[in-house]
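# Architecture and fold: a report
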Amino acid sequence: MPERTVVIASRTGLHARPAKIFVEAAARQTTPVRIRVGDGEPVPANSILAVLALGATQGTRVTLDADGPGADAALDALADLLSRDLDAG
Amino acid sequence: MSERRTLRGLGVSPGSTAGPVRRMAGLIRLPDPTVVPPDDRAAELEKAEHALRETSDTLTALAAKAAEPTAREILEAQSLIAADPGLRDSVEENTGAGMDAAHAIAAACAHHRRALLAAGGYFAERAADLDDIGNRAVAAALGLPMPGVPDPGHPFVLVAEDLSPADTATLDPEAVLALVTEKGGPTSHTAILARARGLPAVVACPGAAMLDDGEAVAVDGALGEIRTGVGQDEAAAIRQRAARERDRLRASGGPGRTADGHPVKLLLNIGSAADLESGFSAEGVGLFRTEFLFLDRREAPGLDEQIAAYEAVFRALPGGRVIVRTLDAGTDKPLPFLNLPEEINPALGIRGLRVDRLRPGVLDTQLDAIVAAARSTGVRPWVMAPMVTTAAEAAAFARKAGARGITDVGAMVEVPAAALQASRLLAELGFLSIGTNDLSQYTCAADRQHGDLADLLDPWQPALLRLVAECAAAGERAGKPVGVCGEAAADPLLAVVLVGLGVTSLSMSAPSIPAVRESLARHTLEECRAAAGAALEAGDPAEARRSARSGSD
């Protein structure tokens, strides 16, 4: 299954604004995307509650995975979001 | 409805107004659970889904109307949570097991709430959002009106049992005339917000439970009175008079002084540079709370980030004068990065300067950042520590700050021991600033947030005034300034008493300054002293107010 591993860049971590932006972007993808921290249990990336419960802070390494048509494009788009500071601006 | 009654509570934010009551629904009580027969479970799920959708839509609509960006973001995030597929899945699991819609929602929210609490730190703060969302969705599933701040489409007096931070974030200052709560105390969230926005407010008013929706009332936030049975013409006249009074006060300016010219510095309590944009005239900042920078953080903010935040405040200062208070946090106001052990009695535990005993690096970095910001802006900040208790602690803090070149070092007086030893503290320090909110809490042994003990937290308690007098007298003997930066300073009559006791500066939120300036200008120093003497001799707060009023006339 295609995967992307990326380090959370946002200052507040995957919380507040960054979490909202990420979850909304994941919900727009045509393929379901999952996210996990390290070897943890993958959770749906379109669930704000699941994403918040990951407790991912700035510098945390997370892995995205997806399977199906458009998986690579979806993963690229979401990984790009996480590698930017979404608190800025 | 036309019956005239007077209800009494604690006036916590001055100003008068009148208008119709709108009540805020409190926590929804769940009916006894029922076991749904298998054939009806799909319909129950549909009902629950509908309730969550309605909640999400309501929150989105509220977000679109929110005036402040912070409030908008809170509401948008809540709307997203209400629409969460994971929450929906939990609800489906519960209805599948035979729960009715309302219980299925409540149980699903409780489940996810635990998951967030387990994530810890600032993720755990979102747990409160789930309470709010759950309450709304349960109401929708039961066919009850949606809880939260009402929106009747005309100005109203908001009456509630108590207000949560999320409620207050959504208050529209154009629509809400005044706040009246059954619970809460003078230092509760409601009181602080009302003063910051200049809204009249009465808290700890148990009689407010009897007020009906639509009933016209007059609110006096200085006296803490609510009058019922007010006619439309009378209400309009009260509002007009209040608007004229507000305009007049807003136009006032100039340094604080008594009628005979005795100067009393009128200063601002601020949390960040944004609080300096109110447009009210002041002579500087008497209390810069530095906590804002540390909230919501898993790791302590670095030196550079702190320097930038302090520079922003120093550059925007009125009068170039600022008193910076070092981090006031601890087990009562926990910060994730401090990682302090839990305590049974946090108000009496590791808080304020005491944090330095366990996590010494935090204060050192903060002092370094203050010094760097002072150097780059040319401002000479005064620096004080919260929760100083003994002369030895004062001396240690003075050494730490002095070694970095800070020349004006002081302490907050919040602990009775510090007030009783004020002279000894002033032998080590350049100034004192009395935090009346905490000093009340510790003097009368009454929790600041305890609604049933609000009378003990009344800043007119003669025992509290005696401790203030002790500090002010010590300041006069040493020739060093002693200010008051608690909310007591914002009470125009109490300000007269404080000045009479010998206090040299009063620091408060911006909208309170004009009324205090005006009150001082009406009294000579001799009259202030007479009012102070009368208040000190009083047996209780009510008598202290009465005798101060007649003493100062």
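Residues numbered from 1 in each chain as written. Chains lettered and ligands numbered in written order. Predicted model: local features only at pLDDT ≥ 70, side-chain atom pairs only at ≥ 80, totals over all residues. Heavy atoms only, no water.

### Focus on the packing of aromatic side chains
All names here are of chain B. Counted according to the given criterion, the structure contains 2 aromatic pairs over all chains. Consider the rings of Phe288 and Tyr310, whose centres lie 6.1 Å apart with planes at 85 degrees: the pair is edge-to-face. Residue Phe288 is located in strand 10 (residues 285-289), and its partner Tyr310 is located in helix 10 (residues 303-315); the two are separated by 22 residues in the primary sequence. Of the two residues, Phe288 and Tyr310, both sit in the buried class. (Phe/Tyr/Trp six-rings, centres within 6.5 Å; stacked < 30°, edge-to-face > 60°. Helix = DSSP H or I, 4+ residues; strand = E, 2+ residues; numbered from the N terminus. Buried < 20%, exposed > 50% of the residue type's maximum accessible area, 1.4 Å probe, protein only.)

### Here we look at the domain arrangement of chain B
Segmentation of chain B into domains returns domain 1 (6-20 + 154-207 + 214-248), domain 2 (38-141) and domain 3 (253-552). Computed over C-alpha atoms only, the centres of domain 1 of chain B and domain 2 of chain B are separated by 31 Å. (Domains from an automatic or database assignment.)

### So, the pattern of salt bridges
Two side chains that carry opposite charge are able to pair once their charged atoms sit near each other. On inspection of all chains with the given rule, the structure shows 35 salt bridges over all chains. With its nearest N and O atoms 3.5 Å apart, the salt bridge here joins A:Asp80 to A:Arg84. The residue B:Asp213 makes a salt bridge to B:Arg22 at a minimum N-O spacing of 3.8 Å. One end of the pair, B:Asp213, is in the loop between strand 6 (201-203) and strand 7 (216-220); the other, B:Arg22, is in strand 3 (residues 16-23), with 191 residues separating them in the sequence. Relative accessible area serves as the criterion here: at 44%, B:Asp213 is assigned to the partly exposed category. A relative accessible area of 27% places B:Arg22 in the partly exposed class. When salt bridges that share partners are traced, they join B:Glu291, B:Arg325, B:Asp328, B:Arg351 and B:Asp438 into one network. (Salt bridge = Lys/Arg side-chain N within 4 Å of Asp/Glu carboxyl O.)

### Some remarks on the sheet that holds strand 10 of chain B
All names here are of chain B. One closed barrel accounts for 8 strands, arranged 9-10-11-12-13-14-15-16; its pairing is parallel. When the angles between neighbouring strand axes are averaged without regard to direction, this sheet yields 25 degrees. Across 3 bridges, the pairing between strand 11 (residues 322-325) and strand 12 (residues 382-385) is parallel. Across the sheet, Ile323 pairs through a bridge with Trp382, a residue of strand 12. On top of the sheet, helix 13 (residues 391-402) reaches strand 12 and strand 13 (409-413); it is set at about 145 degrees to strand 13, its chief contact. (Pairing = 2+ DSSP bridges. Axes fitted to C-alpha atoms, helices over the stretch in contact; angles between N-to-C directions. Contact = heavy atoms within 4.5 Å.)

### As for the interface of chain A and chain B
Each partner contributes to the interface: chain A provides 17 residues, whereas chain B provides 19 residues. The junction of chain A with chain B conceals about 1,600 Å² of combined surface from both sides, 69% of it contributed by carbon and sulfur atoms. Where chain A packs against chain B, one counts 1 salt bridge. For B:Glu76, the salt bridge goes to A:Lys20, with nearest N and O atoms at 3.4 Å. On the surface where chain A and chain B come into contact, there are 4 residue pairs in polar contact (both at pLDDT 80 or more). (Buried area = accessible area lost by both parts, 1.4 Å probe. Polar contact = N/O pair within 3.5 Å; in protein donor to acceptor, adjacent residues only side chain to side chain.)

### Structural notes on the nonpolar core
One finds B:Tyr310, B:Phe314, B:Leu432, B:Val497, B:Leu506 and B:Leu520 to be the most contacted residues of the largest nonpolar core, which totals 95 residues. Beyond its immediate sequence surroundings of up to four residues, B:Leu432 is in contact with B:Ala411, B:Val413, B:Ala422, B:Leu425, B:Leu426, B:Pro481, B:Val482 and B:Gly483. Grouped together as the second largest cluster of nonpolar side chains are 59 residues, A:Ala19, A:Leu64, B:Ile28 and B:Cys109 included. (Core = buried A, V, L, I, M, F, W, Y, C linked by side-chain atoms within 4.5 Å.)

### With respect to unusual backbone geometry
Residues and elements named next belong to chain B. Notably, Asn339 is not glycine yet its phi reads approximately 50 degrees, a positive angle. Checked against the element boundaries, Asn339 lands in the loop between strand 11 and helix 11 (355-358). Although it is not a glycine, Ala445 sits at a positive phi angle of roughly 50 degrees. You can see Ala445 is positioned in the loop between helix 16 (436-443) and helix 17 (462-478). Residue Ala445 is classed as exposed on the basis of its relative accessible area of 70%.

### Considering the environment of B:Glu182
Residue and element names in this part refer to chain B. Topologically, Glu182 is positioned in the loop between strand 5 (176-181) and helix 8 (189-197). Spatially, the C-alpha atoms of Glu182 and Ile74 are 26 Å apart, while their sequence positions differ by 108 residues. Apart from residues no more than four positions distant in its own chain, Glu182 is found in contact with Arg23, Ala160, Glu161, Ala204, Cys205, Pro206, Ala208 and Ala209.

### Side note on the side chain of B:Ser13
Residues and elements named next belong to chain B. Looking at where Ser13 falls in the secondary structure, it is placed in strand 2 (residues 10-13). Judged by relative accessible area, which is 1%, Ser13 ranks as buried. Looking at Ser13, its side chain comes within polar contact range of the main-chain oxygen of Leu199, at 2.7 Å. Setting aside its immediate chain neighbours within four residues, Ser13 contacts Ala194, Arg195, Leu199, Pro200, Ala201, Gly221 and Ala222.

### A word on the environment of B:Gly430
Residues and elements named next belong to chain B. Take Gly430: it is sitting in the loop between helix 15 (422-428) and strand 14 (431-434). In this structure the C-alpha to C-alpha distance between Gly430 and Ala77, which are 353 residues apart in sequence, comes to 47 Å. Each residue touching Gly430, except ones within four places of it in the same chain, is listed here: Val409, Lys480 and Pro481.

### Focus: helix 1 (residues 16-28) of chain A
For an α-helix the count is 3.6 residues per turn, leaving residues at separations of three or four pointing the same way. Here helix 1 of chain A spans 19 Å end to end across 13 residues, near enough to the 18 Å set by a 1.5 Å rise per residue. All of the buried residues in helix 1 of chain A are A:Pro18, A:Ala19, A:Lys20, A:Phe22, A:Val23, A:Ala25 and A:Ala26. (Expected span 1.5 Å × (residues − 1).)

### Observations concerning the packing of helix 1 of chain A against helix 3 (residues 71-82) of chain A
Residue and element names in this part refer to chain A. Running from N to C, helix 1 and helix 3 cross one another at 175 degrees; their axes reach a closest spacing of 10 Å. What the angle tells us is that helix 1 and helix 3 run roughly antiparallel. Two secondary-structure elements touch here, helix 1 through Ile21, Phe22, Ala25 and Ala26 and helix 3 through Leu78, Leu81 and Leu82. Across the contact of helix 1 with helix 3, the residue classes tally to 7 nonpolar, no polar and no charged. (Parallel < 35°, antiparallel > 145°, perpendicular 65-115°, else oblique. Nonpolar A, V, L, I, M, F, W, Y, C, P; charged D, E, K, R; others polar.)

### A closer look at the pairing of strand 16 (residues 505-508) of chain B
Residue and element names in this part refer to chain B. Of the two faces of strand 16, the one holding Ser505 and Ser507 and the one holding Leu506 and Met508 are both buried throughout. The pairing of strand 9 (residues 265-270) with strand 16 spans 4 bridges and is parallel. Paired with Leu268 across the bridge in strand 16 is Met508. Note that strand 15 (residues 482-484) and strand 16 share 2 bridges and pair parallel. Residue pairing for strand 16: Val484 is matched across the bridge by Leu506.

### As for the packing of helix 16 of chain B against helix 17 of chain B
All names here are of chain B. Running from N to C, helix 16 and helix 17 point in directions that differ by 120 degrees, and their axes come no closer than 10 Å. Taken as axis vectors, helix 16 and helix 17 run oblique relative to one another. Between helix 16 and helix 17 lies a crossing of right-handed hand. Taking contact as the criterion, the partners of Thr436, Leu439, Ser440 and Thr443 in helix 16 are, on helix 17, Ala463, Leu464 and Leu467. Across the contact of helix 16 with helix 17, the residue classes break down as 4 nonpolar, 3 polar and no charged. (Left-handed = near helix turned anticlockwise from the far one by under 90°.)

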